[in-house]
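# Structure assessment
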Amino acid sequence: MEKELDKHLEETMNTHGVLGTLCADQHGLCLGAKGSVSTDAAGMVTRLSELAGQLDPSSEEDPIVCIESDASTLMIKKHDDVTMAIHKAKVPT
């Protein structure tokens, strides 16, 4: 599983504009991270996803959380028991 996860993280990192990526389990433990996203953020990323899901408890899908700054966007999405964060550079307009 570890090699498979590392392969997916590496493929995500090779996507244009991606600065970093992180996967965490349902307890907020980091399963893997690459690039600009610190392993220390795993618990916060998991908790943000949980809190966002509480905003609309009737929804059958987990929400996508987007945190934007002037230079980048952090997207967080939970799927089953794994939460993934992708840090992307903003595309100049």
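Described in the following lines is the structure provided in the data block. Since this is a predicted model, take the numbers as computed values, not measurements.

### Quick word on the pairing of strand E3 (residues 64-68)
Of the strand pairs in this sheet, E3 and strand E4 (residues 72-79) are connected by five bridges, and their pairing is antiparallel. Bridge pairing in E4 links isoleucine 64 to lysine 77. Connecting the antiparallel pair E3 and E4 is a turn made up of three residues.

### Observations concerning helix H2 (residues 42-55)
A rise of 1.5 Å per residue sets the reference length of H2, with its 14 residues, at 20 Å; its end C-alpha atoms lie 21 Å apart and thus fit the reference within 8%. Turning to H2, its buried residues number three or more, namely Ala42, Val45, Thr46, Ser49 and Ala52. The arc enclosing the buried residues of H2, seen along the axis, measures out at 125 degrees, which places them on a common side. Facing away from the buried side of H2 by more than 90 degrees, the exposed set consists of Met44, Gln54 and Leu55.

### As for the pairing of strand E1 (residues 18-24)
The side chains of a regular strand alternate, residue by residue, between the two faces of the sheet. Where burial is concerned, most of E1 is hidden: six out of the seven residues are buried. As judged from the five bridges shared by E1 and strand E2 (residues 30-35), these two strands associate in the antiparallel manner. If you follow cysteine 23 over to E2, its bridge partner there is glycine 32. Where E1 folds back onto E2 in an antiparallel hairpin, the turn is made up of five residues, including glycine 28, whose phi is positive at roughly 85 degrees.

Rules of the game
By convention here, each chain's residues receive numbers from 1 onward along its written sequence. Residues qualify for local features only when their pLDDT is at least 70, as the model is predicted, and side-chain atom pairs are given and counted only at 80 or more; totals for whole chains, interfaces and linings, by contrast, use all residues. The basis for every side-chain value is the complete set of non-hydrogen atoms in the structure, without hydrogens or water. Only strands that DSSP links by at least two bridges are regarded as paired with each other. Helix and strand assignments follow DSSP, with helices taken as H or I runs no shorter than four residues and strands as E runs no shorter than two, numbered in order from the N terminus. To estimate the expected span of a helix, subtract one from its residue number and multiply by 1.5 Å. Throughout this description, buried means an accessible area under 20% of the type-specific maximum (1.4 Å probe, protein chains only), exposed means over 50%, and partly exposed covers the range between. Throughout, the arc means that of the directions going from the helix axis to the C-beta atoms.

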